[in-house]
Amino acid sequence: MKRLVLKLKEKIKNLKLKKLIKKRKLKSKKLLFKEEQFPQQIKMEETKYYTPSVPTYYPKVEELPLGYGEDRLVLQTRDPWWIHAYWEITPKTYEKLKTELKEDFLKAKKVLRVYDVTNIIFDGTNANSFFDIEINDYANNWYIDTKGAGRSWCVDLGLRLPNRFITILRSNVVSTPLDGPSWITDEEWMVPEEIFARLYGMGLGLGLSSPVGKEWHKEIKERLFQPLASGAVASWVSPVKKIEKERKFWLVVNTELIVYGATEPDATVYVQGRQVPLRPDGTFSLRFALPDGVQVIPVKGISKDKLEERTITPVVSKETR
Amino acid sequence: MYKGYLCLILHGHLPFVRHPEFDYFLEENWLYEAITETYIPLILMMERLLDEKIEFKLTMSLTPPLICMLKDQLLQNRYLRHINKLIELCHREIERTRWQPHFQKLALMYLDRFLLAKDTFIRFNNDLVSAFAKIQDTGSLEIIASCATHGYLPLMEITTTSARAQVKVGVSVYEETFGKKPKGFWLPECGYQPGQDYILKECGIKYFFTEIHGILHGNPRPKYGIYAPVYCKSGVACFGRDWESAKQVWSSIEGYPGDYWYREFYRDIGYDLDFDYIKPYIHPDGIRINTGIKYYRITGSEDKQVYEPERARERAAEHAGNFMFNRERQIEYLYDVLKRKPIVVAPYDAELFGHWWFEGVMWLDFLIRKIRYDQKIFKLITASEYLQEYPRNQVITPSLSSWGWKGYNEMWLQGANDWIYPHLHKASERMAELVKLYPNENDGIRKRALNQALRELLLAQSSDWAFILATGTHTSYAIRRIKEHILRFTTLYEQIKSNSIDVEWLEDIESKDNIFANIDYRLYQ
């Protein structure tokens, strides 16, 4: 008895769910969760793996095999609405089908049959519903728009003839998450709709001004799924608001000054009063960033026995026009 | 009376990059830069706070690849070589900028920082993990575990054994490193697939974190939104990330790191200075790279102005005040509505602080001090302490979610990287097959080969490679790594099965991919 009630409850939930899904379908806008919301976070993560250009010193790595010689079809969830399928069909399987179907083989359309298997144990015949996607002969993977969130899916790769469908491969079952809050509340942890609406909006960074009332779902989402920072992706290269340049040409000029000379290897040399290290052969060179203006650069050499001293003073003036 | 809590989490992770076969390897710089700019400044910050007896609570994850690299002798020595080079460059810069005092001041600042980094590194005997462990022992820092190689678990749904191995190896590295069991777990990229909490349960994990909609879209509806943890059916607690505090840091318009007074990450002397001068400090092939010495501030226009540390410091203090103020208002409000003390969960990539956002560590330092002294609305807390105060929580099943682009799996499953999954799944299957064939291998060589096979599989599974492929720039290294590990795995698989293990080759790859010295292939079950 208890089980029956539970089942009934499940069914009601399902019905509600279906209705809601239908409602959502009517809304033309796809709900894209935080698309382009935090490009900075991605950008920052990217800087962890910073490399300047394609380095050339790697020895070549062999290629990975194109397949593993096995029939298989694998399904993965991408997000509430999309699932991804990849597959491999061996030539052997193809040959077998060809022999079996004879001329029908050429007439058959290769399709992905996408079954909605939400809340059922799928046996190949009892899907809630299904739809087909025609694919070409060269594809080995496909992104499937399921058009409904919070469901379970199974996919057959098969051949479709006017009067029948032949399954070549069957996938695993995947479930997609809901694209909004659940409609199910538990009694013990009940929360008034308005409060939840506020918490929901707050959690998503909409502040305390979250809308309340019947329309909150819709309103919050409309605000939520608008990109937080429009044009954010354009600032991909810099954390600053990008200032659009009209043209790309640019020129940078800097000047540096090299002061170099030579003396006895055991002498001491000062440039602008600071001692300079000498190379073993007595030569030295210094490099300065040269700003506009006049630089007076006294270079003083003192012999090891401190009896002799010379000073040469270049004066450099720089002006940028 | 305090009305609630803020839980700050820093997620420390870098992929395993170690190439003994080359004398210099560019991508190893990821580690060296993070050591100088993030890990050491964080350690020093926490040491200062402890010294001054300023109460704080922080949570950090250190992923196994990061731990293994920080403990690796070759990389430790190479870090010293790296920092010595930088110090040498700083000396030359101080000389070169003699007539430009604004720049010279910065060159001196960098010299101080690099010298301090080197001293700190040596002070901990080149082992920074021991520094974090020491701070954890004071009770102010809680280090949590993470997956073996930052594998993205939701895309291991069809190879559950791999997901389990990622968690189990991660936990075993934690235990080996810190001598105790981890309480919390960082799901790489906050990637949660319903049901995978059972794996965490099996490993004794008490809590983990998800992205906001992991909880908000959970079933049944979470009564307290993301401001209280929930229990999964397995009994493991789940805390949801708060977006409001995330937005203040990450938003490209309002986010703090974009402030015009902050240092510009993308202007580096490795690109700006004359080639002949900078050549000894960039890539040996003459490819210009970032050196870490950056003289400009963000400015807000293309005409970048010189960085002014004092102004940037003031801004960091202001931003810390602003962040605190917003949390006060938020927590006050939540306390009124929820009738219980809310927890606001704010996780960030650790490498954000100091590396990309140069002033980030300073900001954190200000924030912690201000929270302690300038207000009485909320306190810092760790997730495990919150669970002690509020052990009774709602049971829900969180939704599939991640903190990546668009909030689900798309960052790691799209046109640019979906080709890797057939290979990863096949290798996972083969690994399971090997463990079944040799459930208790005692033969030295075969056992080593089995262990190495698991290492190669785990390394191929790093979410980092798929991420780099998705960003579409400079993908060659990531492609190479995936191929290399899959190929090495396949060769091992074939050699083990045909009983023809090439010992010399095995030794070679053992010495290259030497992550997880004590791995046990039997964890793959």
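Residues numbered from 1 in each chain as written. Chains lettered and ligands numbered in written order. Predicted model: local features only at pLDDT ≥ 70, side-chain atom pairs only at ≥ 80, totals over all residues. Heavy atoms only, no water.

Focus: the sheet that holds strand β10 (residues 268-271) of chain A
All names here are of chain A. The strand order across the open sheet built from four strands is β11-β10-β14-β15, with neighbouring strands paired in antiparallel fashion. The open sheet is flanked by β11 (274-276) and β15 (309-312), the only strands paired with a single partner. The average angle at which neighbouring strand axes cross in this sheet is 25 degrees, direction not considered. Bridge analysis of strand β14 (residues 299-302) against β15 gives four bridges, and the strand direction is antiparallel. (Pairing = 2+ DSSP bridges. Helix = DSSP H or I, 4+ residues; strand = E, 2+ residues; numbered from the N terminus. Axes fitted to C-alpha atoms, helices over the stretch in contact; angles between N-to-C directions.)

Focus on the packing of aromatic side chains
Residue and element names in this part refer to chain B. Applying the stated criterion to the full structure yields 41 aromatic pairs over all chains. Here Y307 and F358 contribute two aromatic rings whose centre-to-centre distance is 6.0 Å and whose plane-to-plane angle is 75 degrees, an arrangement assigned as edge-to-face. With a gap of 51 residues between them, Y307 in the loop between α11 (275-278) and α12 (309-338) and F358 in the loop between β8 (343-349) and α13 (360-373) connect regions that are remote in the sequence. Of the two residues examined, Y307 and F358, each falls in the buried class. Measuring from ring centre to ring centre gives 5.2 Å for W357 and W363, while their planes differ by 45 degrees; the resulting arrangement is tilted. Given the relative accessible area of 1%, W357 is considered buried. Exposure remark for W363: the relative accessible area of 0% places this residue in the buried category. Taken together, the ring pairs in this structure connect Y5, W186, Y207, F209, F239, Y386, Y390 and W403 into an aromatic cluster. (Phe/Tyr/Trp six-rings, centres within 6.5 Å; stacked < 30°, edge-to-face > 60°. Buried < 20%, exposed > 50% of the residue type's maximum accessible area, 1.4 Å probe, protein only.)

Here's the deal with a nonpolar patch on the surface
Together, A:F249, A:L251 and A:V253 give the surface a local cluster of nonpolar side chains, amounting to about 420 Å² of exposed area. Taking the relative accessible area as the measure of exposure, A:V253 reaches 63% and is therefore exposed. (Patch = residues over 30% accessible without salt bridge, like charges linked within 9 Å, V, L, I, M, F, W, Y side chains within 5 Å. Areas by Shrake-Rupley, 256 points an atom, 1.4 Å probe, with all protein chains shown as cover. Salt bridge = Lys/Arg side-chain N within 4 Å of Asp/Glu carboxyl O.)

Observations concerning the confidence of the model for chain A
Residues and elements named next belong to chain A. Per-residue confidence for chain A gives a mean pLDDT of 79; residues scoring 70 or more make up 72%. Here helix α1 (residues 2-26) stands out as the element of chain A with the lowest mean pLDDT, 45, in contrast to strand β1 (residues 72-77), whose mean of 98 is the highest. Here residues 1-13 is a poorly scored stretch, pLDDT under 50, and it has two contacts once near neighbours within four places are set aside; other chains count. Taken as a whole, residues 15-36 scores under 50 in pLDDT and shows 47 contacts with residues more than four places along the chain or in a different chain. (pLDDT = per-residue confidence, 0-100. Contact = heavy atoms within 4.5 Å.)

A closer look at empty space enclosed by the protein
All names here are of chain B. Applying the stated rule across the entire model yields 11 cavities of 30 Å³ or more. Taken as a whole, the largest cavity spans an internal volume of roughly 140 Å³. Considering the residues around the largest cavity, the lining is formed by 16 residues, among which Y152, M156, Y421, L424 and Q461 are closest to the centre. Secondary-structure elements contributing two or more residues to the lining of the largest cavity are α15 (420-437) and α17 (463-471). The element that contributes the greatest number of residues to the lining of the largest cavity is α15, accounting for five residues. Its residues placed into classes, the lining of the largest cavity shows nine nonpolar, seven polar and no charged. The residues that make up the lining of the largest cavity include at least three from each of domain 1 (4-71 + 127-248 + 342-406) and domain 2 (414-523). When its volume is computed, the second largest cavity comes out at roughly 60 Å³. Every residue along the wall of the second largest cavity is listed here: F16, R18, H19, E21, R481, E484, H485, R488, K512 and D513. (1 Å grid on protein atoms, 1.4 Å probe; cavity = no way out; pocket = protein on both sides within 12 Å on 5 of 7 lines; lining within 4 Å. Points joined across faces, edges and corners; volume = space filled by probe spheres on them. Nonpolar A, V, L, I, M, F, W, Y, C, P; charged D, E, K, R; others polar. Domains from an automatic or database assignment.)

Digging into the interface of chain A and chain B
The partner chain B presents 112 residues to the 98 residues of chain A that form the contact. Carbon and sulfur atoms supply 61% of the area that chain A and chain B bury against each other, a total of about 10,100 Å² over both sides. The interface formed by chain A and chain B holds seven salt bridges in total. Two residues, B:K426 and A:E70, come together in a salt bridge whose shortest N-O distance is 2.7 Å. The interface formed by chain A and chain B contains 24 residue pairs in polar contact (both at pLDDT 80 or more). Contributing elements (two or more residues each) for the side of chain A that touches chain B: α2 (39-48), β1, β2 (82-88), β5 (141-145), α5 (193-203), α6 (216-224), β9 (256-262) and β12 (283-289) of chain A. (Buried area = accessible area lost by both parts, 1.4 Å probe. Polar contact = N/O pair within 3.5 Å; in protein donor to acceptor, adjacent residues only side chain to side chain.)

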